Amino acid sequence: MTAAIRAAAALARWMPALMFLAFALAFTAYCLAFVLALAQRFPASAAALHVDAWAIAALGTALALLAPLARRDAPPSAGILAGALVGALLYLRTFGWAWLDPTAIDWLLQGDLAQHYTGWAFFRQEPWQSPPGTIATLRYPVGTSVFFTDAHPLLALLLKPFAGWLPQPFQYIGLTYLMSWTLMGASAAAVARLRCRPDRHRTDVTPCWYRRWSR
């Protein structure tokens, strides 16, 4: 009986890690299956999609390696890192590694994305003017501002001093997408940790969603 109790206690202690590992493997397999199915459907893009698959496998491995930290006393950074990796995996599954190529602009030449890239492309050629962000040559003679083109103006202002050294063409919109998805995952993990931590006056481990809706 004592051995059985010890085994049950050990299993209970490792159950969160095992559940996290199962989630990491299943989520990585889901992303990989989607990308590899696209590679079979579109052979012309198979090489780029295989790069995405390798990147997904690498990030999925990193996520699985966090499984031993899946415990109640884990450092907050572990959960935030896990959320960031989930966001990055979703980015690769949805958009792919090719969007991170700073010289690739074909995917930007349509819809709202064309407006974003055009704003940056004109702004990088403009001399500095007042107010900062002014683009006199776009919508000439009225002009406009990089802020009105939704060209991620903060990055545009930071990169403009280096415009002469940047390749032509150059885009950073793919990077902003990766940053957004990664930060969304990290933020969601941080919020979940704050909301789901056990109450100070309770000793049970009832799931936070049950405690909330059972009041």
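The structure we're discussing is the one just above.
Now for a quick tour of the structure. Every value quoted in this text rests on a predicted model; they were computed, and no experiment measured them. (Residues numbered from 1 in each chain as written. Predicted model: local features only at pLDDT ≥ 70, side-chain atom pairs only at ≥ 80, totals over all residues. Heavy atoms only, no water.)

## Section: a nonpolar patch on the surface
- A cluster of nonpolar side chains, Met 15, Leu 18 and Met 19, forms an exposed patch at the surface whose accessible area comes to about 280 Å².
- Within the element layout of this structure, Leu 18 appears in helix α1 (residues 2–41). (Patch = residues over 30% accessible without salt bridge, like charges linked within 9 Å, V, L, I, M, F, W, Y side chains within 5 Å. Areas by Shrake-Rupley, 256 points an atom, 1.4 Å probe, with all protein chains shown as cover. Salt bridge = Lys/Arg side-chain N within 4 Å of Asp/Glu carboxyl O. Helix = DSSP H or I, 4+ residues; strand = E, 2+ residues; numbered from the N terminus.)

## Remarks on the packing of helix α2 (residues 46–64) against helix α3 (residues 76–94)
- It is the contact of α2 with α3, at a shortest axis distance of 10 Å, that shows an interaxial angle of 165 degrees. Judged on the interaxial angle alone, α3 and α2 are roughly antiparallel. You can see that α2 and α3 cross each other, and the crossing is left-handed. Where α2 abuts α3, its residues Ala 55, Ile 56, Leu 59, Gly 60, Ala 62 and Leu 63 lie against Ala 82, Leu 85, Val 86, Ala 88, Leu 89, Leu 92 and Arg 93.
- In terms of residue class, the contact of α2 with α3 is made up of eleven nonpolar, one polar and one charged. (Axes fitted to C-alpha atoms, helices over the stretch in contact; angles between N-to-C directions. Parallel < 35°, antiparallel > 145°, perpendicular 65-115°, else oblique. Left-handed = near helix turned anticlockwise from the far one by under 90°. Contact = heavy atoms within 4.5 Å. Nonpolar A, V, L, I, M, F, W, Y, C, P; charged D, E, K, R; others polar.)

## A few points about the nonpolar core
- With 39 residues, the main nonpolar core has Leu 63, Leu 108, Trp 120 and Tyr 172 as its most contacted residues.
- The set of elements that each furnish at least two residues to this core consists of α1, α2, α3, α4 (111–123) and α5 (153–159).
- Broken down by element, this core gets its largest block of residues, seven residues, from α2.
- Among residues more than four places away in sequence, those in contact with Leu 108 are Leu 113, Ala 114, Tyr 117, Gln 171 and Ile 173. (Core = buried A, V, L, I, M, F, W, Y, C linked by side-chain atoms within 4.5 Å. Buried < 20%, exposed > 50% of the residue type's maximum accessible area, 1.4 Å probe, protein only.)

## What to know about the packing of aromatic side chains
- Enumeration according to the criterion identifies twelve aromatic pairs in this entry.
- Pairing Trp 99 with Tyr 177 gives two aromatic rings, centres 5.5 Å apart and planes at 80 degrees, and the pair type is edge-to-face. Highlighted residues: Trp 99 in the loop between α3 and α4 and Tyr 177 in helix α6 (residues 173–196), separated in sequence by 78 residues.
- Note on Trp 99: relative accessible area 18%, which makes it buried.
- Judged by relative accessible area, Tyr 177 falls into the partly exposed class, the value being 24%.
- Between the aromatic rings of Trp 120 and Phe 170, the centroid separation amounts to 6.3 Å while the plane-to-plane angle is 65 degrees, which identifies the pairing as edge-to-face. Taken together, the residues Trp 120 in helix α4 and Phe 170 in the loop between α5 and α6 connect sequence positions 50 residues apart.
- Judged by relative accessible area, which is 1%, Trp 120 ranks as buried.
- The exposure class of Phe 170 is buried, given its relative accessible area of 11%.
- Ring pairing ties together the aromatic residues Tyr 91, Phe 95, Trp 99, Trp 107, Tyr 177 and Trp 181, which thus form one cluster.
- One residue, Lys 160, lies across the ring of Phe 123, its end atom 4.7 Å from the ring centre.
- The positively charged end of Lys 160 is found above the aromatic ring belonging to Trp 128, 5.4 Å away from the centroid. (Phe/Tyr/Trp six-rings, centres within 6.5 Å; stacked < 30°, edge-to-face > 60°. Lys NZ or Arg CZ within 6 Å of the ring centre and 35° of its normal.)

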